[in-house]
Amino acid sequence: MRTVPAEIGRPPYAVTGDPGPSTSSNVRTEEEIERMRLAGQAAAEVLLEVCPQIVPGMTTDRIDELVHQASVARGGYPSPLNYRGYPKSVCTSVNEVVCHGIPDSRPLADGDIVNVDVTIYLNGVHGDTSVTLLVGDVDDASRALVLQTRTALAEGIAAAGPGVPVNAIGRAIERFALRNGLGVVQEFIGHGIGTEFHSGLQVKHYYAPYPDTILVPGMTFTIEPMLTLGDPACAMWDDDWTAVTRDGRRTAQFEHTLLVTEEGIEILTAAADGTVPADVLVAG
Ligand code: MF3
Ligand code: CO
Ligand code: CO
């Protein structure tokens, strides 16, 4: 595992690997929200710094090194590191890898798609965001998958807001995906986030009638749909992290950390100047 300077604040699991049971409220205090804006900005800015450097031939281990350095440079701890024993500082999920791909020595090939999922722990709170990048010259079906998954996240955000049941999010995402002939992964979901990386709230990306928790101002959570070209059923590699499509077809994901406000939804994982990484890193 890469090292983090001693002066950087760590989450409790950094030493033990065990985050323990989730105990935090679904609703954040004003003061926590202010800190989450900064953690979310830092995570977005790491994507904006690292992703333009990703080219065919680069290994995902190198992406891990770049994300680690960029996170530490902002005074943050890379949240994946030792979370439930996860060995790296970022997740890199290539082609048929649905999520939680572990960076390794394989160089990215021209035509790959790769999701880079950055989470930073800064001043006691987490910011979690990911984009799927087109590496070199990508085939039309994969390109459409990536762009439509980005739109699916936008549809999920548009469906959310104060007073809205949380299952409206998954209903909107699923409707959009199915209309476009794409599958929706069910095994992995969005989550409450704050002082804990993953807290109580569950955000499915498909329609489920129950539970229908009502969103209220101060809630912070992620939406992170994983859409597939083929069947969305997943299998797990024997590393117990890498989730892949069973049929081996490609899958894409985008993720934001979000805040429910009185007026609507605030995207916490945008840069300080308002730039949303997915808008500038993925052409089209
Ligand atoms: N960032 C992932 C998410 O969106 C979680 C990664 S857990 C790790 O929830 F341990 F693999 F990093
Ligand atoms: Co997440
Ligand atoms: Co994430």
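Refer to the structure printed above.
Residues numbered from 1 in each chain as written. Chains lettered and ligands numbered in written order. Predicted model: local features only at pLDDT ≥ 70, side-chain atom pairs only at ≥ 80, totals over all residues. Heavy atoms only, no water.

Turning to the coordination of the cobalt ion (ligand 3), a few remarks are in order. Only D117 (OD), D117 (OD), D128 (OD) and E255 (OE) from the protein reach the cobalt ion (ligand 3) as donors, at distances of 2.1 to 2.3 Å. In this structure, the cobalt ion (ligand 3) is surrounded by six donor atoms whose angles at the metal cover 58 to 167 degrees, and the resulting shape is irregular. Going along the chain, you hit the donors of the cobalt ion (ligand 3) in the pattern D-x10-D-x126-E. Between the cobalt ion (ligand 3) and the cobalt ion (ligand 2), both coordinated by D128, there is a metal-metal distance of 3.3 Å. With D117 in strand 4 (residues 113-122) and E255 in the loop between strand 13 (251-253) and strand 14 (256-260), the pair connects residues that are 138 residues apart, well separated along the chain. With a relative accessible area of 10%, D117 lands in the buried category. (Donors = N, O, S within 2.8 Å, 3.2 Å for Na, K, Ca; no water. Tetrahedral: all angles 85-135°; square planar, octahedral: opposite > 155°, others 65-115°. Helix = DSSP H or I, 4+ residues; strand = E, 2+ residues; numbered from the N terminus. Buried < 20%, exposed > 50% of the residue type's maximum accessible area, 1.4 Å probe, protein only.)

We now examine the packing of aromatic side chains. In this structure the tally under the stated criterion is three aromatic pairs. For the ring pair Y83 and F197, a centre distance of 4.7 Å and an interplane angle of 55 degrees mean the geometry is tilted. Taken together, the residues span a long stretch of sequence, with Y83 in the loop between strand 1 (77-78) and strand 2 (91-94) and F197 in the loop between strand 7 (190-192) and strand 8 (199-203) at a distance of 114 residues. Each member of the pair, Y83 as well as F197, is classed as buried. (Phe/Tyr/Trp six-rings, centres within 6.5 Å; stacked < 30°, edge-to-face > 60°.)

Summarising the metal site, the cobalt ion (ligand 2) is bound by the protein donors D128 (OD), H191 (NE2), E224 (OE) and E255 (OE), whose distances to it range over 2.0 to 2.3 Å. One way to put it: the six donor atoms around the cobalt ion (ligand 2) meet at angles of 52 to 162 degrees, and that makes the site irregular. Summarised as a motif, the one-chain spacing of the donors to the cobalt ion (ligand 2) is D-x62-H-x32-E-x30-E.

Time to look at helix 2 (residues 30-50). With 21 residues, helix 2 ought to run about 30 Å at 1.5 Å a step, and its terminal C-alpha atoms sit 31 Å apart, in line with that. Restricting attention to buried positions, one finds in helix 2 the residues E32, I33, M36, A39, G40, A42, A43, A44, V46, L47 and V50. Those residues of helix 2 that are buried lie in contact with helix 3 (60-73), strand 4, strand 5 (125-134), strand 9 (220-223), strand 14 and helix 6 (277-281). (Expected span 1.5 Å × (residues − 1). Contact = heavy atoms within 4.5 Å.)

Close contacts around ligand 1 come from 14 residues, with P80, H191, H198, E224 and E255 the closest. Measuring from an oxygen atom of ligand 1, one finds a side-chain N or O atom of H191 at 3.0 Å. In the environment of ligand 1, an oxygen atom lies 2.8 Å from a nitrogen or oxygen atom belonging to the side chain of E224. Starting from 330 Å² of accessible surface for ligand 1 in isolation, the protein chains cover 98%. Counting atoms within 2 Å of the grid points, the majority share of ligand 1 lands in the largest pocket. Counted by class, the shell around ligand 1 contains six nonpolar, four polar and four charged residues. (Near = heavy atom within 4 Å. Polar contact = N/O pair within 3.5 Å; in protein donor to acceptor, adjacent residues only side chain to side chain. Areas by Shrake-Rupley, 256 points an atom, 1.4 Å probe, with all protein chains shown as cover. 1 Å grid on protein atoms, 1.4 Å probe; cavity = no way out; pocket = protein on both sides within 12 Å on 5 of 7 lines; lining within 4 Å. Sits in = over half its atoms within 2 Å of the grid points. Nonpolar A, V, L, I, M, F, W, Y, C, P; charged D, E, K, R; others polar.)

In terms of burial, strand 5 is largely enclosed, as nine of its ten residues are buried. Where strand 4 meets strand 5, ten bridges bridge the pair, whose relative direction is antiparallel. Along strand 5, the bridge assignment pairs I120 with G127. Two successive antiparallel strands, strand 4 and strand 5, enclose a turn made up of two residues, where N123 displays a positive phi of approximately 50 degrees. (Pairing = 2+ DSSP bridges.)

Moving on to the side chain of T220. Take T220: it is sitting in strand 9. The exposure class of T220 is buried, given its relative accessible area of 1%. Within the local environment of T220, its side chain forms a polar contact with the backbone oxygen of I193, the two atoms lying 2.6 Å apart.

Looking now at unusual backbone geometry. If you check the backbone angles, N82 has positive phi at about 70 degrees while not being a glycine. Looking at the element boundaries, N82 is found in the loop between strand 1 and strand 2. Its identity is not glycine, yet D240 carries a phi of approximately 65 degrees, on the positive side. Among the secondary structure elements, D240 is positioned in the loop between strand 11 (234-236) and strand 12 (243-245). By relative accessible area, which is 61% here, D240 ends up exposed.

Keep in mind these numbers describe shape, not what the thing actually does.
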